[in-house]
Amino acid sequence: MARKRKKHDAPAAELPMTPMIDVVFQLLIYFIVTIKPIDVMAHLDVSRPSPEAQQQKLDVPKNLIRIGVFYDGFAMNDKPVPESALDDLIGKLADLDRKQTILIMCSGAAPHEMLIKVLNLCGKHQLANLSVISTN
Amino acid sequence: MRKRDEEMGLNMTPMIDVVFQLIIFFVVTIAQQQKELEMELRLAMAPDGKAVEKKDPRTINVDVDDEGRIYIARQRLSLPALRAILRQSVNRHGQTLPVVIRGDLSARHEYIRRVIDTCSEAGLWRIKFAAIKEKA
């Protein structure tokens, strides 16, 4: 005679969701408050003379466009240029020939920001052949 | 029998609570550690610079603060130490390794120049300057 299996009325396992949702919201709020968005970075390419070339006497061709970067301002082909006019001048140069080499001569005392400004303006006008040399 | 079945049910709520508390603890402490390690580097703005799209995984990031201190991966280095690291990297990966110099905007160019010259001495010529294209 087959034995009837006794059915147990076990309560269905239920996961209480309320505390979990509470904690998830706490985490969400924490991340929203503390998240620090990342700045978009730019990389400015430059060409550098080799160390051997640096040791040699630096002969800069006279027809080359030279941008001087100093502690207190800029110069183009040895003539002082106000910062406001630099953008226009570089733009005009770029209109002539975008493949020309621009020699950026940066003084040792110039803050790095000044060099970045010039590189940024050259980038703006799509001048890609940029050579940076340091002067004393 | 019924009572025993009820006791067998595992109460998940405290376990999930504890797990979330642990997650919060680790997230908070890691964020604080990161803040402590973060260097106070203020990068210059270059809104027209080329945005970093694909970064070469071999890229060496060299940080230079406003007083000319040099760091790689937040580790302060002397110039000879930097030279040794760069030479080692060149021996391992070749001279096409890109170097990104992240200079503080007020760092004098002579500090940046020291790093550039050290790169050149090690035979590295792919030098870029990091700047912020877009503030978050």
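The coordinates are above.
Definitions and limits used
- Sequence order sets the numbering: in each chain, residues are counted from 1 along the sequence as written.
- Labels are handed out in written order, letters beginning with A for the chains and numbers beginning with 1 for the ligands.
- For a predicted model such as this one, the threshold for reporting local features is a pLDDT of at least 70, and the threshold for listing and counting side-chain atom pairs is 80 or more; totals across whole chains, interfaces and linings nevertheless cover every residue.
- Excluded from the side-chain calculations are hydrogens and water; all other atoms, namely the structure's heavy atoms, are used.
- Angles run from 0 to 180 degrees between N-to-C directions of axes, and those axes are lines fitted to C-alpha atoms, restricted for helices to the stretch in contact.
- Under the scheme used here, helices are H or I runs from DSSP no shorter than 4 residues and strands are E runs no shorter than 2 residues, and both carry numbers assigned from the N terminus.
- What makes a crossing left-handed is the near helix being turned counterclockwise from the far one by less than a right angle; a clockwise turn instead makes it right-handed.
- We call two residues contacting when some pair of their heavy atoms lies within 4.5 Å.
- Under the grouping applied here, Gly and all other residues not named as nonpolar or charged are polar, the nonpolar ones being Ala, Val, Leu, Ile, Met, Phe, Trp, Tyr, Cys and Pro and the charged ones Asp, Glu, Lys and Arg.
- Accessible surface is computed with a 1.4 Å probe, and the buried area is the amount of it that two parts give up when combined, taken over both parts together.
- Every case where a carboxyl oxygen of Asp or Glu lies within 4 Å of a side-chain nitrogen of Lys or Arg is listed as a salt bridge.
- Between rings of Phe, Tyr and Trp, where Trp is taken as its six-membered ring, a pair exists when centres lie within 6.5 Å; planes separated by under 30 degrees are stacked, by over 60 edge-to-face, and by other angles tilted.
- In this scheme, a residue with accessible area under 20% of its type's maximum is buried, one over 50% is exposed, and one in between is partly exposed, where area comes from a 1.4 Å probe on protein chains only.
- Two strands make a pair as long as DSSP finds a minimum of two bridges between them.

> What's the story with the packing of helix 3 (residues 83-96) of chain A against helix 4 (residues 112-124) of chain A in this structure? I'm lost.
Helices that pack against each other are described as a pair by the angle of their axes relative to one another and the distance between those axes. Residues and elements named next belong to chain A. Contact pair helix 3 / helix 4: the axes reach a minimum separation of 9 Å and the direction vectors enclose 30 degrees. Here helix 3 and helix 4 pass one another in a crossing that is right-handed. Here helix 3 contributes Glu83, Leu86, Asp87 and Ile90 to the contact with helix 4, which in turn contributes Lys117, Val118, Leu121, Cys122 and Lys124. Here the contact of helix 3 with helix 4 is built from residues that sort into five nonpolar, no polar and four charged.

> Any chance you could explain the interface of chain A and chain B here in plain terms?
Accessible area lost on assembly of the parts is the figure often given for the size of an interface. Counting residues at the interface gives 46 residues for chain A, matched by 53 residues for chain B. Surface buried jointly by chain A and chain B totals about 4200 Å² across both partners, of which 63% is contributed by carbon and sulfur atoms. Joining chain A to chain B, the criterion identifies two salt bridges. In this structure, Asp45 of chain A engages Lys50 of chain B in a salt bridge whose closest nitrogen and oxygen atoms are separated by 3.5 Å.

> Please clarify how the packing of aromatic side chains should be interpreted in this entry.
Aromatic rings in a pair are described by how distant their centres are and how their planes are angled relative to each other. Residues and elements named next belong to chain B. Inspection of every chain in the model, using the stated rule, returns two aromatic pairs over all chains. Measuring from centroid to centroid gives 5.3 Å for Phe25 and Phe26, while their planes differ by 70 degrees, and the two rings are edge-to-face. Overall, Phe25 belongs to the partly exposed group, its relative accessible area being 48%.

> Would you take a moment to explain the sheet that holds strand 2 (residues 70-72) of chain B for this structure?
For sheets, the rule is that strands pair by backbone hydrogen bonds, running either parallel or antiparallel. Taken in spatial order, the six strands of this open sheet run 1(A)-5(B)-4(B)-1(B)-2(B)-3(B), and their pairing is mixed. Both outer strands of the open sheet, strand 1 (40-46) of chain A together with strand 3 (75-77) of chain B, are each paired with one neighbouring strand and no more. For this sheet, the mean inter-axis angle between neighbouring strands, taken without regard to orientation, is 35 degrees. In the sheet, strand 1 (residues 60-64) of chain B pairs with strand 4 (residues 98-103) of chain B via five bridges, with the strands oriented parallel. From the neighbouring strand, Ile60 of chain B faces strand 4 of chain B, where its bridge partner is Val99 of chain B. Lying on the sheet, helix 4 (residues 109-122) of chain B is in contact with strand 1, strand 2, strand 4 and strand 5 (126-134) of chain B; it crosses strand 4 of chain B at an angle near 170 degrees.

> Explain the pattern of salt bridges here, please?
Should the charged atoms of two oppositely charged side chains come close, the side chains can pair. Applying the stated criterion across every chain yields a total of 14 salt bridges over all chains. Across the pair Arg98 of chain A and Asp95 of chain A runs a salt bridge, and its minimum N-O distance is 3.7 Å. On the basis of relative accessible area, Asp95 of chain A is assigned to the exposed category, the value being 58%. Between Glu121 of chain B and Arg83 of chain B there is a salt bridge whose closest N-O contact spans 2.9 Å. Of this pair, Glu121 of chain B sits in helix 4 while Arg83 of chain B sits in helix 3 (residues 79-93), placing them 38 residues apart in sequence. Its relative accessible area of 23% is what places Arg83 of chain B among the partly exposed residues.

> Please clarify how the side chain of His109 of chain B should be interpreted in this entry.
When you line up the elements, His109 of chain B lands in helix 4. Among residues more than four places away in sequence, those in contact with His109 of chain B are Cys106, Ser107, Gly108, Ala110, Leu115, Val132 and Ser134 of chain A.

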